[in-house]
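Summary of the model geometry
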Amino acid sequence: MTTLKTKHTLWIATLLFAFLSQWHVHGQKVNKKPSLNGKNIVFVYGGWKGHKPAESVDVFLPKLEAEGANVKVFNSLDAYTDKELMDDTDLIIQTWTMGDLSKEQLNGLKRAVLNGTGLAGWHGGLGDSFRNNIQYQFMVGGQFLSHPGGQTEHIVKITNKKDPITKGIKDFQLKTEQYYMLIDPNVQVLATTTFDRDSYKKKGEAGIENKITGSVIPVVWKKNYGKGRVFYSSIGHNMTDFNIPQVMKMQMRGLRWASEGKYMPAENTISPVYK
Ligand SMILES: [Zn+2]
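Residues numbered from 1 in each chain as written. Predicted model: local features only at pLDDT ≥ 70, side-chain atom pairs only at ≥ 80, totals over all residues.

1. Points about the overall build of the protein chain
We apply this condition: Numbered from the N terminus, helices here are DSSP runs of H or I no shorter than four residues, and strands are runs of E no shorter than two. The burial criterion counts other C-beta atoms lying within 10 Å of a residue's C-beta, which is placed from the backbone; the residue is buried at 20 or more, exposed at 12 or fewer, and partly exposed between these limits. We call two residues in contact when the distance between their C-beta atoms, placed using the backbone, is within 7 Å.
When its secondary structure is counted, the protein chain shows seven helices and eleven strands. With 275 residues in all, the protein chain has 38% of them scored as buried. For the protein chain, restricting intrachain contacts to residue pairs at least 6 apart in sequence, the fraction spanning at least 24 positions comes to 79%.

Rendered as structure tokens:
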């Protein structure tokens, strides 16, 4: 027998269900998380072999495909000159240390990113790619200069704990190359590292590199270039660096974020150091 009280409870439950369902749908629309699912990725690898460009494809390709991305892999910078391909690309991942970018390749890459294609990578594959190309460096927002002491123990400090890329990640220590870089002071820095002479002086480093104790240099940043999103992390001299959960987590989150330039509203990533 259904009592009045039960009817009343059922009625409230129905209303509550309807409300929560709507809220859920609404919430999904508003808070859509960056995702690689269905995204078209162009993965360009090559350049200096010391950074293991081919191995980096082996590490990342399965992860990208497991998340539902359609990945095309190229061992040539000419991928950037294929207008049709670039128009259809959501994210470019580049692991190409040193080398040269021709005028046509630069123009193709610039055009794609200005139109909303993301550009992401790590270490020298994005941050030490084309040393004589200032237009490329402007797009990335930084350029490698030195790694005093080679592979050293150092701490990566998460300086932006609210950004979805670094949220929940704690500071961590690792042994790898600590990149000393030139940085565009307007990029949005998410993590930094502090240089300490004691960590490398025993290896016979001399001169100016011994005088940078206390220097704080960004490790992870994001920025916009036109409609495109650019994500960079300086960690990754060794592919085993990505075995550190925090490193891989930030990298994958950064790739997802950078893939959304054509689909999500632009964020203000300008965070000027000098005001
Ligand atoms: Zn390196």
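The rest of the description comes next.
2. Considerations on the nonpolar core
Note the following rule: Put simply, a nonpolar core is a cluster of buried Ala, Val, Leu, Ile, Met, Phe, Trp, Tyr and Cys residues tied together by C-beta atoms within 7 Å.
Formed by 48 residues in total, the largest nonpolar core has its most connected members in V44, I93, A120, V230 and A258. Every residue in contact with V230, bar those within four places of it in the chain, is listed here: L119, A120, M139, V140, G141, K222, K223, Y225 and A258.

3. Topic: the sheet that holds strand β1 (residues 40-47)
Worth spelling out the cut-off: One bridge is not enough; two strands pair if DSSP finds at least two bridges between them. Every axis in this analysis is a line fitted to C-alpha atoms, fitted for helices over the stretch in contact. Angles between the N-to-C directions lie between 0 and 180 degrees.
Strand order in the open sheet made by the nine strands is β2-β1-β3-β4-β11-β10-β9-β6-β7, with mixed pairing throughout. One side of each edge strand has no neighbouring strand; the edge strands of this open sheet are β2 (70-74) and β7 (172-177). The sheet shows a mean angle of 25° between the axes of neighbouring strands, direction not considered. As defined by bridge partners, strand β9 (residues 188-194) adjoins strand β10 (residues 216-225) across six bridges and the pair is classed as antiparallel. The partner of A191 across the bridge, within β10, is V220.

4. Description of the pairing of β1
This is how it is decided: Look down the strands so they point away from you; if the path from the first strand over the helix to the second goes clockwise, the crossover is right-handed.
The buried fraction of β1 is high, at six of eight residues. Sheet topology note: the β1/β2 ladder contains five bridges and is parallel. Looking across to β2, one finds that V42 is bridged to K72. On the question of chirality, the crossover connecting β1 to the parallel β2 by way of helix α2 (residues 53-66) is right-handed. Strand direction decides the pairing type here: β1 and strand β3 (residues 91-97), joined by seven bridges, are parallel. Bridging from a neighbouring strand, V42 pairs with I92 of β3.

5. Regarding helix α4 (residues 103-114)
To keep it simple, the criterion reads: Expected span of a helix, by definition, is 1.5 Å for each gap between consecutive residues, and there is one gap fewer than residues.
For α4, which comprises twelve residues, the first-to-last C-alpha distance of 16 Å matches the rise-based estimate of 16 Å (1.5 Å per residue) to within 8%. Every buried residue belonging to α4 is among Q105, G108, L109, K110, A112 and V113, and all of these are buried. Structurally, α4 contributes buried residues whose contacts are with α3 (83-87), β3, β4 (118-122), α6 (134-140), β10 and β11 (228-233). Following α4 by one or two positions, G116 adopts a phi angle in the positive range, close to 120°.

6. Points about the environment of Y45
Mapped onto the fold, Y45 is located in strand β1. By C-beta crowding, Y45 is classed as buried, having 23 other C-beta atoms within 10 Å. Between the C-alpha atoms of Y45 and L77, which are 32 residues apart in sequence, the distance is 8.2 Å. Setting aside residues up to four positions removed in sequence, Y45 forms contacts with P53, A54, S56, V57, N75, T95 and W96.

7. Here we look at unusual backbone geometry
Although it is not a glycine, K52 adopts a positive phi angle of roughly 50°. Among the structural elements, K52 can be located in the loop between β1 and α2. When the 19 C-beta atoms within 10 Å are taken as the criterion, K52 is described as partly exposed. Phi angles above zero are rare outside glycine, and M98 is one such case at about 60°. Mapped onto the secondary structure, M98 falls in the loop between β3 and α4.

8. Section: the environment of S259
Examined against the element boundaries, S259 turns out to sit in the segment after α7 (245-258). For S259, a count of 31 C-beta atoms within 10 Å puts it in the buried group. In this structure, the C-alpha to C-alpha distance between S259 and L36, residues 223 residues apart in sequence, is 6.9 Å.

9. A look at the pairing of β11
Within β11, six of the six residues are buried, which leaves it mostly tucked inside the rest of the structure. Direction of pairing for β4 relative to β11: parallel, over a ladder of four bridges. Its bridge partner lying in β11, A120 is registered against F231. Direction of pairing for β10 relative to β11: antiparallel, over a ladder of six bridges. If you follow N224 over to β11, its bridge partner there is R229. Two successive antiparallel strands, β10 and β11, enclose a turn made up of two residues, where G226 displays a positive phi of approximately 60°.

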